[in-house]
Amino acid sequence: MTAGIADATRAVDPAAVMGLLPGRPRLLALGEPTHGEDALLDLRNELFRQLVERERYRTIAIESDCVTGLVVDDHVTSGTGNLDDVMERGFSHGWGAFAANRELVRWMRAYNDGRPPAEQVRFAGFDGPLEITGAASPRQALAALHAYLAARVDADLLPCAAETLDRLLGADDRWTDPAAMTDPSRSVGRTPDAGRLRLLADELVALLDAQTPHLIAASTREDWHRARLYGRTAVGLLRYHHAMADPSPSRMARLLGVRDSMMAANLLAIAARGPALVNAHNGHLQRNRSSMRMGGVPVEWWSAGAIVDAHLGEEYAFLATAIGTIRHQGVDTPPPDTVEGLLYALPGERHLVDARRLATALADRTPVARVSSWFGYSPLDPAHVAGTDGILFVRDARRGQAPRNGALDG
(Lines give C-alpha, C1' and ligand atoms only; values in the text may rest on other atoms or scores of the structure.)
Protein backbone atom coordinates (compact mmCIF):
# COMPACT_ATOMS: atom_id res chain seq x y z
CA MET A 1 0.00 0.00 0.00
CA THR A 2 2.75 2.46 0.98
CA ALA A 3 4.67 1.72 -2.23
CA GLY A 4 1.58 2.38 -4.34
CA ILE A 5 1.01 5.69 -2.60
CA ALA A 6 4.67 6.66 -2.99
CA ASP A 7 4.34 6.09 -6.74
CA ALA A 8 1.65 8.78 -6.80
CA THR A 9 3.89 11.46 -5.24
CA ARG A 10 6.03 14.10 -6.94
CA ALA A 11 8.37 16.87 -5.91
CA VAL A 12 6.58 20.14 -5.21
CA ASP A 13 7.47 22.38 -8.14
CA PRO A 14 5.63 24.13 -10.99
CA ALA A 15 6.65 21.61 -13.64
CA ALA A 16 5.22 18.77 -11.58
CA VAL A 17 2.01 20.71 -10.97
CA MET A 18 1.55 21.43 -14.66
CA GLY A 19 2.34 17.79 -15.44
CA LEU A 20 -0.80 16.74 -13.59
CA LEU A 21 -2.98 18.87 -15.87
CA PRO A 22 -4.00 18.52 -19.54
CA GLY A 23 -2.86 22.10 -20.21
CA ARG A 24 -2.44 25.45 -18.51
CA PRO A 25 -5.82 26.13 -16.85
CA ARG A 26 -7.27 29.61 -16.83
CA LEU A 27 -7.85 29.30 -13.08
CA LEU A 28 -5.41 27.26 -11.02
CA ALA A 29 -6.76 27.05 -7.47
CA LEU A 30 -4.79 26.04 -4.39
CA GLY A 31 -6.90 25.18 -1.38
CA GLU A 32 -5.97 24.94 2.28
CA PRO A 33 -7.58 22.95 5.12
CA THR A 34 -7.11 25.73 7.67
CA HIS A 35 -6.33 29.42 7.60
CA GLY A 36 -3.30 31.32 8.81
CA GLU A 37 -0.68 28.55 9.08
CA ASP A 38 2.79 29.80 8.13
CA ALA A 39 3.82 26.54 6.47
CA LEU A 40 0.86 26.66 4.09
CA LEU A 41 1.12 30.37 3.31
CA ASP A 42 4.87 30.13 2.69
CA LEU A 43 4.32 27.20 0.35
CA ARG A 44 1.61 29.17 -1.48
CA ASN A 45 3.96 32.13 -1.91
CA GLU A 46 6.79 29.98 -3.20
CA LEU A 47 4.62 28.07 -5.66
CA PHE A 48 2.67 31.12 -6.88
CA ARG A 49 5.85 33.11 -7.45
CA GLN A 50 7.28 30.33 -9.61
CA LEU A 51 4.04 29.91 -11.55
CA VAL A 52 3.95 33.65 -12.28
CA GLU A 53 7.54 33.61 -13.48
CA ARG A 54 7.44 30.35 -15.45
CA GLU A 55 3.83 29.93 -16.58
CA ARG A 56 2.91 33.62 -17.02
CA TYR A 57 -0.03 33.70 -14.64
CA ARG A 58 -1.08 37.32 -14.35
CA THR A 59 -3.45 37.53 -11.35
CA ILE A 60 -3.23 36.25 -7.79
CA ALA A 61 -6.64 36.06 -6.12
CA ILE A 62 -7.22 35.23 -2.47
CA GLU A 63 -10.18 34.72 -0.14
CA SER A 64 -10.51 38.36 0.86
CA ASP A 65 -12.92 41.26 0.27
CA CYS A 66 -13.11 41.98 -3.47
CA VAL A 67 -13.66 45.72 -2.95
CA THR A 68 -10.90 46.38 -0.42
CA GLY A 69 -8.64 44.23 -2.60
CA LEU A 70 -8.59 47.10 -5.10
CA VAL A 71 -6.36 48.95 -2.62
CA VAL A 72 -3.81 46.14 -2.87
CA ASP A 73 -4.07 45.97 -6.65
CA ASP A 74 -3.40 49.71 -6.96
CA HIS A 75 -0.32 49.29 -4.79
CA VAL A 76 1.22 46.31 -6.56
CA THR A 77 0.60 47.75 -10.05
CA SER A 78 1.41 51.42 -9.53
CA GLY A 79 2.94 51.79 -6.07
CA THR A 80 -0.04 53.70 -4.69
CA GLY A 81 0.06 53.94 -0.88
CA ASN A 82 2.58 52.60 1.59
CA LEU A 83 2.78 48.94 2.50
CA ASP A 84 1.61 49.33 6.10
CA ASP A 85 -1.54 51.16 5.04
CA VAL A 86 -2.21 48.73 2.20
CA MET A 87 -1.99 45.74 4.53
CA GLU A 88 -4.38 47.41 6.98
CA ARG A 89 -6.99 48.62 4.48
CA GLY A 90 -6.65 46.16 1.60
CA PHE A 91 -7.59 42.90 3.32
CA SER A 92 -10.58 41.52 5.17
CA HIS A 93 -10.81 38.67 7.73
CA GLY A 94 -7.59 39.88 9.38
CA TRP A 95 -5.47 38.55 6.49
CA GLY A 96 -3.42 41.75 6.40
CA ALA A 97 -1.79 40.86 9.72
CA PHE A 98 -0.11 37.71 8.37
CA ALA A 99 3.58 38.07 7.51
CA ALA A 100 3.26 35.79 4.47
CA ASN A 101 0.52 37.97 2.97
CA ARG A 102 2.67 41.04 3.54
CA GLU A 103 5.58 39.28 1.86
CA LEU A 104 3.38 38.32 -1.09
CA VAL A 105 2.30 41.94 -1.61
CA ARG A 106 5.88 43.16 -1.26
CA TRP A 107 7.09 40.63 -3.83
CA MET A 108 4.29 41.48 -6.28
CA ARG A 109 5.18 45.18 -6.10
CA ALA A 110 8.88 44.41 -6.65
CA TYR A 111 8.06 42.08 -9.56
CA ASN A 112 5.89 44.71 -11.26
CA ASP A 113 8.28 47.61 -10.81
CA GLY A 114 9.39 48.75 -14.27
CA ARG A 115 7.24 46.25 -16.16
CA PRO A 116 4.60 47.37 -18.69
CA PRO A 117 0.97 46.83 -17.56
CA ALA A 118 0.49 43.80 -19.83
CA GLU A 119 3.33 41.97 -18.07
CA GLN A 120 2.40 42.89 -14.51
CA VAL A 121 0.80 40.52 -12.03
CA ARG A 122 -2.47 41.80 -10.56
CA PHE A 123 -4.00 41.22 -7.13
CA ALA A 124 -7.66 40.43 -6.49
CA GLY A 125 -9.83 39.58 -3.55
CA PHE A 126 -12.71 37.36 -4.63
CA ASP A 127 -14.79 37.07 -1.47
CA GLY A 128 -17.67 39.42 -0.86
CA PRO A 129 -17.54 42.12 1.86
CA LEU A 130 -18.70 39.50 4.34
CA GLU A 131 -17.60 38.40 7.80
CA ILE A 132 -18.75 35.46 9.90
CA THR A 133 -20.71 37.95 12.03
CA GLY A 134 -22.56 39.58 9.16
CA ALA A 135 -22.24 41.58 5.98
CA ALA A 136 -21.24 45.09 4.98
CA SER A 137 -23.64 47.80 3.99
CA PRO A 138 -24.13 47.91 0.20
CA ARG A 139 -23.47 51.67 0.31
CA GLN A 140 -19.86 51.66 -0.96
CA ALA A 141 -20.56 49.42 -3.94
CA LEU A 142 -23.84 51.11 -4.90
CA ALA A 143 -22.40 54.62 -4.57
CA ALA A 144 -19.32 53.75 -6.63
CA LEU A 145 -21.40 52.17 -9.40
CA HIS A 146 -23.82 55.11 -9.49
CA ALA A 147 -20.97 57.65 -9.55
CA TYR A 148 -19.27 55.85 -12.44
CA LEU A 149 -22.46 55.88 -14.49
CA ALA A 150 -23.53 59.40 -13.53
CA ALA A 151 -20.25 60.82 -14.82
CA ARG A 152 -20.64 59.16 -18.23
CA VAL A 153 -24.29 58.71 -19.25
CA ASP A 154 -27.23 61.09 -19.64
CA ALA A 155 -28.94 61.78 -16.33
CA ASP A 156 -32.28 60.73 -17.84
CA LEU A 157 -30.96 57.17 -18.20
CA LEU A 158 -30.18 56.78 -14.50
CA PRO A 159 -32.92 55.03 -12.48
CA CYS A 160 -32.44 57.37 -9.53
CA ALA A 161 -30.32 60.14 -8.06
CA ALA A 162 -27.47 59.46 -5.62
CA GLU A 163 -29.55 61.13 -2.91
CA THR A 164 -32.27 58.52 -3.37
CA LEU A 165 -29.79 55.71 -2.77
CA ASP A 166 -28.50 57.49 0.31
CA ARG A 167 -32.00 57.92 1.72
CA LEU A 168 -32.97 54.30 1.12
CA LEU A 169 -29.72 53.01 2.61
CA GLY A 170 -30.07 54.96 5.82
CA ALA A 171 -27.46 54.45 8.53
CA ASP A 172 -24.87 51.79 7.81
CA ASP A 173 -25.17 50.24 11.26
CA ARG A 174 -28.66 49.07 10.28
CA TRP A 175 -26.97 46.76 7.77
CA THR A 176 -24.00 45.68 9.88
CA ASP A 177 -25.85 44.81 13.09
CA PRO A 178 -24.15 41.54 14.21
CA ALA A 179 -27.34 40.42 15.96
CA ALA A 180 -28.90 39.89 12.53
CA MET A 181 -26.71 36.84 11.92
CA THR A 182 -28.58 34.87 14.58
CA ASP A 183 -31.88 36.79 14.65
CA PRO A 184 -33.52 37.25 11.22
CA SER A 185 -35.92 39.83 12.66
CA ARG A 186 -32.95 42.19 13.24
CA SER A 187 -32.05 42.22 9.53
CA VAL A 188 -33.16 45.06 7.26
CA GLY A 189 -32.80 42.84 4.19
CA ARG A 190 -36.54 42.48 3.56
CA THR A 191 -37.72 45.98 4.38
CA PRO A 192 -39.46 48.04 1.66
CA ASP A 193 -36.33 50.19 1.36
CA ALA A 194 -34.16 47.13 0.81
CA GLY A 195 -36.59 45.84 -1.81
CA ARG A 196 -36.42 49.18 -3.64
CA LEU A 197 -32.61 49.12 -3.47
CA ARG A 198 -32.51 45.64 -5.03
CA LEU A 199 -34.55 46.90 -7.98
CA LEU A 200 -32.37 50.00 -8.39
CA ALA A 201 -29.18 47.93 -8.18
CA ASP A 202 -30.50 45.66 -10.91
CA GLU A 203 -31.34 48.66 -13.10
CA LEU A 204 -27.91 50.20 -12.56
CA VAL A 205 -26.20 46.95 -13.56
CA ALA A 206 -28.47 46.66 -16.60
CA LEU A 207 -27.54 50.21 -17.63
CA LEU A 208 -23.85 49.40 -17.19
CA ASP A 209 -24.22 46.42 -19.52
CA ALA A 210 -26.32 48.28 -22.08
CA GLN A 211 -23.84 51.18 -22.27
CA THR A 212 -20.70 49.02 -22.44
CA PRO A 213 -19.29 50.32 -25.77
CA HIS A 214 -19.75 53.95 -24.75
CA LEU A 215 -18.48 53.45 -21.22
CA ILE A 216 -15.25 51.74 -22.27
CA ALA A 217 -14.60 54.50 -24.80
CA ALA A 218 -15.46 57.25 -22.30
CA SER A 219 -13.33 55.87 -19.47
CA THR A 220 -10.95 52.90 -19.55
CA ARG A 221 -11.48 49.19 -19.71
CA GLU A 222 -10.03 48.94 -16.21
CA ASP A 223 -12.56 51.45 -14.84
CA TRP A 224 -15.35 49.51 -16.55
CA HIS A 225 -14.15 46.24 -14.99
CA ARG A 226 -14.19 47.90 -11.58
CA ALA A 227 -17.69 49.23 -12.16
CA ARG A 228 -18.81 45.69 -12.97
CA LEU A 229 -17.20 44.53 -9.72
CA TYR A 230 -19.16 47.18 -7.83
CA GLY A 231 -22.33 46.01 -9.55
CA ARG A 232 -21.78 42.34 -8.71
CA THR A 233 -20.99 43.28 -5.13
CA ALA A 234 -24.01 45.54 -4.65
CA VAL A 235 -26.41 42.95 -6.06
CA GLY A 236 -24.77 40.15 -4.07
CA LEU A 237 -24.81 42.07 -0.80
CA LEU A 238 -28.48 42.96 -1.17
CA ARG A 239 -29.25 39.33 -1.93
CA TYR A 240 -27.24 38.25 1.13
CA HIS A 241 -29.06 40.72 3.40
CA HIS A 242 -32.36 39.48 2.00
CA ALA A 243 -31.35 35.93 2.98
CA MET A 244 -30.32 37.12 6.46
CA ALA A 245 -33.91 38.19 7.04
CA ASP A 246 -35.23 34.73 6.11
CA PRO A 247 -36.73 32.98 9.18
CA SER A 248 -37.09 29.60 7.44
CA PRO A 249 -34.99 26.47 8.19
CA SER A 250 -33.19 26.92 4.85
CA ARG A 251 -31.78 30.31 5.91
CA MET A 252 -28.19 29.21 6.62
CA ALA A 253 -27.91 27.09 3.48
CA ARG A 254 -29.13 30.08 1.49
CA LEU A 255 -26.57 32.41 3.11
CA LEU A 256 -23.69 30.01 2.48
CA GLY A 257 -24.86 29.48 -1.09
CA VAL A 258 -25.10 33.22 -1.79
CA ARG A 259 -21.57 33.76 -0.47
CA ASP A 260 -20.06 31.04 -2.65
CA SER A 261 -22.09 32.23 -5.62
CA MET A 262 -20.60 35.71 -5.14
CA MET A 263 -17.14 34.15 -4.98
CA ALA A 264 -17.79 32.19 -8.17
CA ALA A 265 -18.98 35.28 -10.05
CA ASN A 266 -15.81 37.12 -9.08
CA LEU A 267 -13.62 34.17 -10.08
CA LEU A 268 -15.31 33.91 -13.48
CA ALA A 269 -14.79 37.64 -14.03
CA ILE A 270 -11.11 37.25 -13.09
CA ALA A 271 -10.75 34.27 -15.42
CA ALA A 272 -12.22 36.28 -18.29
CA ARG A 273 -9.29 38.67 -17.99
CA GLY A 274 -6.56 36.04 -18.19
CA PRO A 275 -4.82 33.18 -16.34
CA ALA A 276 -5.09 33.48 -12.56
CA LEU A 277 -3.89 31.74 -9.41
CA VAL A 278 -6.40 31.35 -6.59
CA ASN A 279 -5.98 30.64 -2.88
CA ALA A 280 -8.78 29.93 -0.42
CA HIS A 281 -10.11 27.24 1.88
CA ASN A 282 -10.46 23.79 0.31
CA GLY A 283 -14.18 23.97 1.03
CA HIS A 284 -14.67 26.99 -1.22
CA LEU A 285 -12.60 25.60 -4.11
CA GLN A 286 -13.60 21.93 -4.20
CA ARG A 287 -15.68 20.54 -7.03
CA ASN A 288 -17.98 18.73 -4.64
CA ARG A 289 -21.10 19.97 -2.93
CA SER A 290 -20.16 21.51 0.41
CA SER A 291 -21.69 20.44 3.70
CA MET A 292 -21.43 21.10 7.41
CA ARG A 293 -23.47 20.73 10.57
CA MET A 294 -24.66 23.90 12.26
CA GLY A 295 -26.46 23.52 15.57
CA GLY A 296 -26.67 19.80 14.88
CA VAL A 297 -28.48 20.39 11.58
CA PRO A 298 -26.85 19.34 8.26
CA VAL A 299 -26.44 22.18 5.76
CA GLU A 300 -25.50 21.74 2.09
CA TRP A 301 -24.70 24.16 -0.73
CA TRP A 302 -22.64 24.33 -3.92
CA SER A 303 -19.10 25.61 -3.45
CA ALA A 304 -17.59 28.36 -5.58
CA GLY A 305 -15.24 25.78 -7.11
CA ALA A 306 -18.12 23.55 -8.15
CA ILE A 307 -19.87 26.49 -9.82
CA VAL A 308 -16.71 27.65 -11.59
CA ASP A 309 -15.89 24.10 -12.70
CA ALA A 310 -19.37 23.79 -14.22
CA HIS A 311 -18.61 26.89 -16.32
CA LEU A 312 -14.95 26.34 -17.20
CA GLY A 313 -14.44 22.58 -17.28
CA GLU A 314 -10.75 21.79 -17.88
CA GLU A 315 -9.97 25.50 -17.69
CA TYR A 316 -10.41 25.14 -13.91
CA ALA A 317 -7.91 23.12 -11.87
CA PHE A 318 -7.99 22.47 -8.14
CA LEU A 319 -5.16 21.39 -5.89
CA ALA A 320 -6.28 20.55 -2.36
CA THR A 321 -3.85 20.89 0.52
CA ALA A 322 -3.73 18.28 3.27
CA ILE A 323 -1.74 18.52 6.47
CA GLY A 324 -0.31 15.99 8.92
CA THR A 325 0.00 17.83 12.23
CA ILE A 326 -0.75 21.25 13.67
CA ARG A 327 0.48 20.45 17.15
CA HIS A 328 0.11 23.98 18.49
CA GLN A 329 -3.63 23.61 17.79
CA GLY A 330 -3.91 20.10 19.21
CA VAL A 331 -3.91 18.37 15.81
CA ASP A 332 -1.51 15.48 16.39
CA THR A 333 -0.25 12.58 14.27
CA PRO A 334 -3.05 11.43 11.97
CA PRO A 335 -4.48 7.92 12.34
CA PRO A 336 -2.77 5.53 9.87
CA ASP A 337 -6.04 4.58 8.15
CA THR A 338 -6.80 8.16 7.03
CA VAL A 339 -5.53 9.80 3.84
CA GLU A 340 -3.38 12.13 5.94
CA GLY A 341 -2.06 9.15 7.94
CA LEU A 342 -1.06 7.25 4.81
CA LEU A 343 0.75 10.28 3.43
CA TYR A 344 2.32 11.01 6.80
CA ALA A 345 4.01 7.59 6.68
CA LEU A 346 6.04 8.67 3.64
CA PRO A 347 9.50 10.16 4.11
CA GLY A 348 9.87 13.87 3.45
CA GLU A 349 8.25 17.07 4.64
CA ARG A 350 5.96 17.78 1.71
CA HIS A 351 4.70 16.08 -1.41
CA LEU A 352 2.68 16.77 -4.52
CA VAL A 353 0.30 13.86 -4.98
CA ASP A 354 -1.30 12.75 -8.22
CA ALA A 355 -4.84 12.46 -6.89
CA ARG A 356 -6.08 10.07 -9.54
CA ARG A 357 -3.17 7.68 -9.04
CA LEU A 358 -3.71 7.94 -5.30
CA ALA A 359 -7.39 7.08 -5.74
CA THR A 360 -6.37 4.01 -7.75
CA ALA A 361 -3.89 2.97 -5.06
CA LEU A 362 -6.62 3.28 -2.44
CA ALA A 363 -9.24 1.42 -4.48
CA ASP A 364 -9.00 -1.78 -2.42
CA ARG A 365 -8.78 0.00 0.94
CA THR A 366 -11.01 3.02 1.45
CA PRO A 367 -9.50 5.30 4.10
CA VAL A 368 -11.66 6.55 6.92
CA ALA A 369 -12.37 10.24 7.37
CA ARG A 370 -10.07 11.97 9.83
CA VAL A 371 -11.81 13.70 12.73
CA SER A 372 -10.31 16.91 14.11
CA SER A 373 -10.66 18.04 17.69
CA TRP A 374 -9.97 21.61 16.55
CA PHE A 375 -12.83 23.38 14.76
CA GLY A 376 -10.43 25.48 12.67
CA TYR A 377 -9.10 22.53 10.67
CA SER A 378 -11.00 20.55 8.04
CA PRO A 379 -9.44 17.18 7.18
CA LEU A 380 -9.52 15.89 3.63
CA ASP A 381 -12.67 13.92 2.80
CA PRO A 382 -11.53 10.59 1.27
CA ALA A 383 -14.55 10.67 -1.04
CA HIS A 384 -13.27 13.93 -2.56
CA VAL A 385 -9.76 12.71 -3.48
CA ALA A 386 -10.63 11.74 -7.05
CA GLY A 387 -12.35 15.09 -7.58
CA THR A 388 -9.10 17.00 -7.19
CA ASP A 389 -6.34 17.44 -9.76
CA GLY A 390 -3.71 16.94 -7.10
CA ILE A 391 -3.00 17.16 -3.39
CA LEU A 392 -0.25 19.15 -1.74
CA PHE A 393 0.67 17.41 1.50
CA VAL A 394 2.54 19.21 4.26
CA ARG A 395 3.74 16.88 7.01
CA ASP A 396 3.93 19.29 9.94
CA ALA A 397 2.80 22.87 10.42
CA ARG A 398 4.90 24.60 13.05
CA ARG A 399 4.15 27.94 14.64
CA GLY A 400 6.39 30.67 13.24
CA GLN A 401 7.84 28.38 10.56
CA ALA A 402 10.23 30.26 8.27
CA PRO A 403 9.96 30.15 4.46
CA ARG A 404 11.94 27.24 3.00
CA ASN A 405 13.79 29.39 0.52
CA GLY A 406 13.91 32.66 2.42
CA ALA A 407 12.14 35.83 1.36
CA LEU A 408 10.51 36.12 -2.04
CA ASP A 409 13.03 38.44 -3.59
CA GLY A 410 11.95 37.85 -7.17
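Shown above is the structure to which this text applies.
Reference entry: report on the structure contained in this document. Owing to the predicted nature of the structure, the values given are computational and were not obtained by experimental measurement. (Residues numbered from 1 in each chain as written. Predicted model: local features only at pLDDT ≥ 70, side-chain atom pairs only at ≥ 80, totals over all residues. Heavy atoms only, no water.)

Right, let's talk about the pattern of salt bridges for a bit. All chains considered together, the criterion is met by 27 salt bridges. Of the charged contacts in the structure, one is a salt bridge between Arg122 and Glu222, with a shortest N-O distance of 3.2 Å. Separated by 100 residues along the polypeptide, Arg122 in strand E4 (residues 122-127) and Glu222 in helix H12 (residues 221-244) bring together distant segments of the chain. Residue Glu222 is classed as partly exposed on the basis of its relative accessible area of 21%. (Salt bridge = Lys/Arg side-chain N within 4 Å of Asp/Glu carboxyl O. Helix = DSSP H or I, 4+ residues; strand = E, 2+ residues; numbered from the N terminus. Buried < 20%, exposed > 50% of the residue type's maximum accessible area, 1.4 Å probe, protein only.)

A sheet is described by the order of its strands in space; here eight strands give the open sequence E1-E11-E12-E10-E2-E7-E3-E4, paired in mixed fashion. With one partner strand each, in any of the chains shown, strand E1 (9-10) and E4 form the two edges of the open sheet. When strand E3 (residues 59-65) meets E4, the two strands line up parallel, connected through five bridges. Note that in E4 the partner of Asp65 across the bridge is Asp127. Packed on one face of the sheet, helix H13 (residues 251-273) meets strand E2 (27-32), E3, E4 and strand E7 (276-281) and runs near 155° to E4. (Pairing = 2+ DSSP bridges. Contact = heavy atoms within 4.5 Å. Axes fitted to C-alpha atoms, helices over the stretch in contact; angles between N-to-C directions.)

Closest axis-to-axis distance for the H12/H13 pair is 9 Å, and the angle between their directions is 170°. As judged from the angle between their axes, H12 and H13 are roughly antiparallel. Residues Glu222, His225, Leu229, Arg232, Thr233, Gly236, Leu237, Arg239, Tyr240, Ala243 and Met244 of H12 form the contact with H13, whose own contacting residues are Arg251, Arg254, Leu255, Val258, Arg259, Met262, Ala265, Asn266, Ala269 and Arg273. Residues of the contact of H12 with H13, tallied by class, amount to 10 nonpolar, four polar and seven charged. (Parallel < 35°, antiparallel > 145°, perpendicular 65-115°, else oblique. Nonpolar A, V, L, I, M, F, W, Y, C, P; charged D, E, K, R; others polar.)

This part is about the nonpolar core. Ranked by size, the top nonpolar core spans 45 residues in total, and within it Leu28, Leu51, Ile60, Phe91, Val105, Met108 and Leu277 carry the most contacts. With seven residues, the single largest contributor to this core is helix H3 (residues 38-55). Non-local contacts of Phe91, meaning those with residues more than four positions away in its chain, are made with Ile62, Ser64, Thr68, Val72, Val86, Gly96, Val105 and Phe123. (Core = buried A, V, L, I, M, F, W, Y, C linked by side-chain atoms within 4.5 Å.)

Taken across its seven residues, E3 has seven buried, putting it largely inside the fold. Strand direction decides the pairing type here: E3 and E7, joined by four bridges, are parallel. When the sheet's bridge partners are listed, Ile60 is paired in E7 with Leu277.

This part takes up empty space enclosed by the protein. A full pass over the atoms with the stated rule returns two cavities of 30 Å³ or more. Of the voids in this model, the largest cavity is the one considered here, and its volume is about 100 Å³. The wall of the largest cavity is formed by Glu32, His35, Gly36, Leu41, Arg44, Ile62, Glu63, Trp95, Phe98, Asn101, Asn279 and Ala280. Here the lining of the largest cavity is built from residues that sort into five nonpolar, four polar and three charged. In this structure, the second largest cavity encloses a volume near 50 Å³. Forming the boundary of the second largest cavity are Leu30, Gly31, Glu32, Leu40, Leu41, Leu43, Arg44, Asn279, Thr321 and Leu392. For the lining of the second largest cavity, the secondary structure elements donating two or more residues are E2 and H3. Ranked by the residues each element gives to the lining of the second largest cavity, the list is headed by H3, at four residues. Across the lining of the second largest cavity, the residue classes break down as five nonpolar, three polar and two charged. (1 Å grid on protein atoms, 1.4 Å probe; cavity = no way out; pocket = protein on both sides within 12 Å on 5 of 7 lines; lining within 4 Å. Points joined across faces, edges and corners; volume = space filled by probe spheres on them.)

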